[in-house]
Amino acid sequence: MIVSGGVLSGLGKGVTASSIGVLLKSAGLNVTAIKIDPYLNSDAGTMSPFEHGEVFVLDDGGEADLDLGNYERFLDVTLGKDNNLTTGKIYSKVIESERRGDYLGKTVQVVPHITDSIQDWIEDVAHVPEQGTNKVADVCVVELGGTVGDIESAPFIEALRQFQFRVGSENICFVHVSLVPVMGPVGEQKTKPTQHSVRELRGLGITPDVIICRSKTSLTEDARQKIALFCHVESNAVLSASDVSNIYKVPLLLDQQGALVLLSQKFKFKIPVNRPLLDEWMSMAIQIDDLDKEVCIAMVGKYTGLSDSYLSVIKALNHASIASSRKLNIEWIEASNLENNVAKTDPEIHADSWERLKNADGILVPGGFGDRGIEGKILAAEYARTSSTPYLGICLGLQIAVIEFCRNVLGWKDSNSTEFNDNTPHPVVIYMPEISKTHLGGTMRLGSRRTIINDEKSIAFKLYNGNKNIHERHRHRYEVNPDLIESIEDAGMKFVGKDDTGQRMEIVEISNHPFFFATQYHPEFKTRPTKPSPPFYGFLMASSKQF
Ligand code: GLN
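All values derive from a computational prediction rather than experimental measurement. (Residues numbered from 1 in each chain as written. Predicted model: local features only at pLDDT ≥ 70, side-chain atom pairs only at ≥ 80, totals over all residues. Heavy atoms only, no water.)

A.B. asks: Can you explain the environment of Leu204? Please cite residues and give values.
C.D. replies: Tracing the backbone through its elements, the reader meets Leu204 in the loop between helix H7 (192-203) and strand S10 (210-215). Taking C-alpha positions, Leu204 is 7.2 Å from Glu158, a pair spaced 46 residues apart along the chain. Ignoring any residue separated from it by four or fewer positions in sequence, one finds Leu204 in contact with Val148, Ile157 and Arg161. (Helix = DSSP H or I, 4+ residues; strand = E, 2+ residues; numbered from the N terminus. Contact = heavy atoms within 4.5 Å.)

Structure representation (structure tokens):
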């Protein structure tokens, strides 16, 4: 199933596509996904999260677009780096083959070489069995990033046009997601942008089987008929994806309009009478709307207005809030505004930031790079530790907690990470030796690694259900200095989880505190709507005093 987008970006194409995936799954099919990003980067690893949104990390260490996270969470599958296809990856592959002489002296061109390579890639990846099994997916959802008509996506559109002949029309379904804006005082839904984008798509040789219209309110019958007429589709194949109170309702919304029936006619499968998966989504969607007791979490980070830069953390908090029956309220706190110098330059902002921090039920310091706001994060960790406020530190948030502890409990005043001060007399967080400092792309400790929990009395042991071996995903270059572990532990900070070698600190806890928990790994990448990530669950239970 190919999902393209028209009119403008940011339509929620990923959510729409993964929602259809949920419907296919609810019919008992195995579903996998591929996200195509037409940019030239090989992967999202070197892209700024403040420009592009979060870099999502996969088990195999792939650094991908955040949409892969949507697919993993919605479809409850584990994807790999090949499930994210970029222009950079395809061109590298073709150029490599050319250098090897695979093309036997032929002129290497976009058509057919790039387009063939794209089709081969999709076909190969769609047939990779689900991790740890030999089950091959029945359906692969392929989402084409960007907007139809972009120069960058042209080779992909052409490849997908050809693909319908490779696999046969009964094995491919084109879904186009478009926008229906409302104009004028009477609030008329306008179909022209959709008509134009479908015309563009058809001009490129692809006729959509289904058109999904994003709009504020549900599509009027008039608008639906008009789109069907002008866009060469049946009116029952024009679906409305209007704004909903929570995204878990999107699969239900599409289901009510017969989306699965359309797909079952195309792909020739039977829809079972009972679909427990959909029932589960339904009760979750209703439950979220009904939550009344609130829990307030202060997110102490670096902001530029794009909340997508912490998308998985927000999802993990959301899932954990559902499981702990609380309505989530996130207070965004710019870390640098907590710093003492701001008290002089901008006293109001400083006071307001502190007030919001102190009013929160829990404090979270998420992952990050670069030194802006570091001192503010250290102050936030100190406040959490000394006021018995629940604290969750992720990756940088763990390093911050260790620096704070060493400065204020051990009295090593200048403790720091060598990431922020190369000459610190107390390098409590140091650079991992095996990693290159000169090449930023793909030079981190990345992907799934084992953590061994070494203390049966720890919070970690309890949260991970008594499991001593856990696997979580990583993305970092620095680590707690192994030479100082003994002194730090003697002062009361415990490293209750370590890697296979025992040299790398993975989980930190402080005794005599209701919940002070930090991980070097990023637990947020493995959260699921009905299976929240254990550290987040513990954090929300502690923040709502249920732990
Ligand atoms: N900058 C830190 C490191 O590289 C933390 C990274 C992160 O939080 N993902 O180790």
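A.B. asks: I'd like a rundown of empty space enclosed by the protein, residues and numbers included.
C.D. replies: For the structure on display, the rule yields four cavities of 30 Å³ or more. Computed from the structure, the largest cavity encloses a volume of approximately 70 Å³. For the largest cavity, the full set of lining residues is Gly367, Gly368, Phe369, Cys395, Leu396, Gln399, Glu419, Arg475, His476, Arg477, Tyr478 and His522. Class assignment of the residues belonging to the lining of the largest cavity gives a composition of four nonpolar, five polar and three charged. (1 Å grid on protein atoms, 1.4 Å probe; cavity = no way out; pocket = protein on both sides within 12 Å on 5 of 7 lines; lining within 4 Å. Points joined across faces, edges and corners; volume = space filled by probe spheres on them. Nonpolar A, V, L, I, M, F, W, Y, C, P; charged D, E, K, R; others polar.)

A.B. asks: Can you explain the packing of helix H1 (residues 13-26) against helix H3 (residues 67-75)? Please cite residues and give values.
C.D. replies: Two elements in contact, H1 and H3, have axes whose closest approach is 9 Å; the angle formed by their N-to-C orientations is 25°. With respect to their mutual orientation, H1 and H3 come out roughly parallel. Of the two possible hands of crossing, H1 and H3 adopt the one that is right-handed. Between H1, through Gly14, Val15, Ala17, Ser18, Ser19, Gly21, Val22 and Lys25, and H3, the contact on the second element is made entirely by Asp67, Asn70, Tyr71, Phe74 and Leu75. (Axes fitted to C-alpha atoms, helices over the stretch in contact; angles between N-to-C directions. Parallel < 35°, antiparallel > 145°, perpendicular 65-115°, else oblique. Left-handed = near helix turned anticlockwise from the far one by under 90°.)

A.B. asks: Pulling in residues and values, what's your account of the pattern of salt bridges?
C.D. replies: Pairs may arise between side chains of opposite charge once their charged atoms sit close together. Throughout the structure, instances matching the rule amount to 30 salt bridges. The salt bridge partner of Arg356 is Asp352, with a shortest N-O separation of 3.2 Å. Of the two residues, Arg356 and Asp352 both sit in helix H14 (residues 347-359), four residues apart, roughly one turn of that helix. On the basis of relative accessibility, which here comes to 23%, the residue Arg356 falls in the partly exposed class. The class for Asp352 is partly exposed, based on a relative accessible area of 38%. Residue Arg450 pairs with Asp500 through a salt bridge whose shortest N-O separation is 2.8 Å. (Salt bridge = Lys/Arg side-chain N within 4 Å of Asp/Glu carboxyl O. Buried < 20%, exposed > 50% of the residue type's maximum accessible area, 1.4 Å probe, protein only.)

A.B. asks: Can you lay out the packing of aromatic side chains for me, pointing to particular residues and giving the numbers?
C.D. replies: Across all of its chains, the model carries nine aromatic pairs by this definition. Here the aromatic rings of Trp354 and Tyr383 are separated by 6.3 Å at their centres, their planes lie at 80°, and the arrangement is edge-to-face. Of this pair, Trp354 sits in helix H14 while Tyr383 sits in helix H15 (residues 374-386), and the two are 29 residues apart along the sequence. Judged by its relative accessible area of 19%, Tyr383 is buried. Here Phe515 and Phe539 contribute two aromatic rings whose centre-to-centre distance is 6.2 Å and whose plane-to-plane angle is 35°, an arrangement assigned as tilted. In this pair, Phe515 sits in the loop between strand S22 (505-510) and strand S23 (516-519) while Phe539 sits in helix H19 (residues 534-543), placing the two residues 24 residues apart along the sequence. Phe539 matches Phe515 in its accessibility class, with the two residues each being buried. Counting every residue linked through ring pairs, the aromatic cluster contains Phe515, Phe517, Phe539 and Phe547. (Phe/Tyr/Trp six-rings, centres within 6.5 Å; stacked < 30°, edge-to-face > 60°.)

A.B. asks: If you had to explain helix H16 (residues 396-408) to someone new, which residues and values would you point to?
C.D. replies: Helix length check: H16 (13 residues) gives 18 Å between terminal C-alpha atoms against 18 Å at 1.5 Å per residue, within 8%. With twelve of 13 residues buried, H16 lies mostly within the body of the structure. Of all the residues in H16, the buried ones are Leu396, Gly397, Leu398, Gln399, Ile400, Ala401, Val402, Ile403, Glu404, Phe405, Cys406 and Arg407. (Expected span 1.5 Å × (residues − 1).)

A.B. asks: Now, about the pairing of strand S14 (residues 362-365): what can you tell me, with residues and values included?
C.D. replies: Neither face of S14 is left uncovered, since the one carrying Gly362 and Leu364 and the one carrying Ile363 and Val365 both have all their residues buried. One ladder, built from three bridges, connects strand S12 (residues 294-301) with S14; its direction is parallel. Residue pairing for S14: Met299 is matched across the bridge by Leu364. Relative to strand S15 (residues 391-394), S14 runs parallel, the two sharing three bridges. Bridging from a neighbouring strand, Val365 pairs with Gly393 of S15. Once the chain exits S14 it traverses H15 before rejoining the sheet at S15, and the crossover so formed is right-handed. (Pairing = 2+ DSSP bridges. Right-handed = clockwise from strand over helix to strand, strands pointing away.)

A.B. asks: So what's going on with unusual backbone geometry? Which residues, and what values?
C.D. replies: The omega torsion across Val111 and Pro112 is 10°, close enough to zero to call that bond cis. Structurally, Pro112 is set in helix H5 (residues 110-126). Of note, Cys395 is a non-glycine position whose phi angle comes to about 55°, a positive value. Mapping Cys395 onto the fold places it in the loop between S15 and H16.

A.B. asks: Describe the layout of surface pockets, naming the residues involved and giving the relevant values.
C.D. replies: Approximately 1200 Å³ is the volume found for the largest pocket. Around the largest pocket sit 47 residues that line it, and Gly10, Gly12, Val15, Asn70 and Asp308 are the ones nearest its centre. Elements with a minimum of two residues in the lining of the largest pocket: H1, strand S2 (31-37), helix H2 (49-52), H3, strand S11 (238-242), helix H11 (276-290), helix H12 (311-323) and strand S13 (327-334). Per-element accounting of the lining of the largest pocket gives the leading share, five residues, to H12. Residue composition of the lining of the largest pocket, by class: 16 nonpolar, 15 polar and 16 charged.

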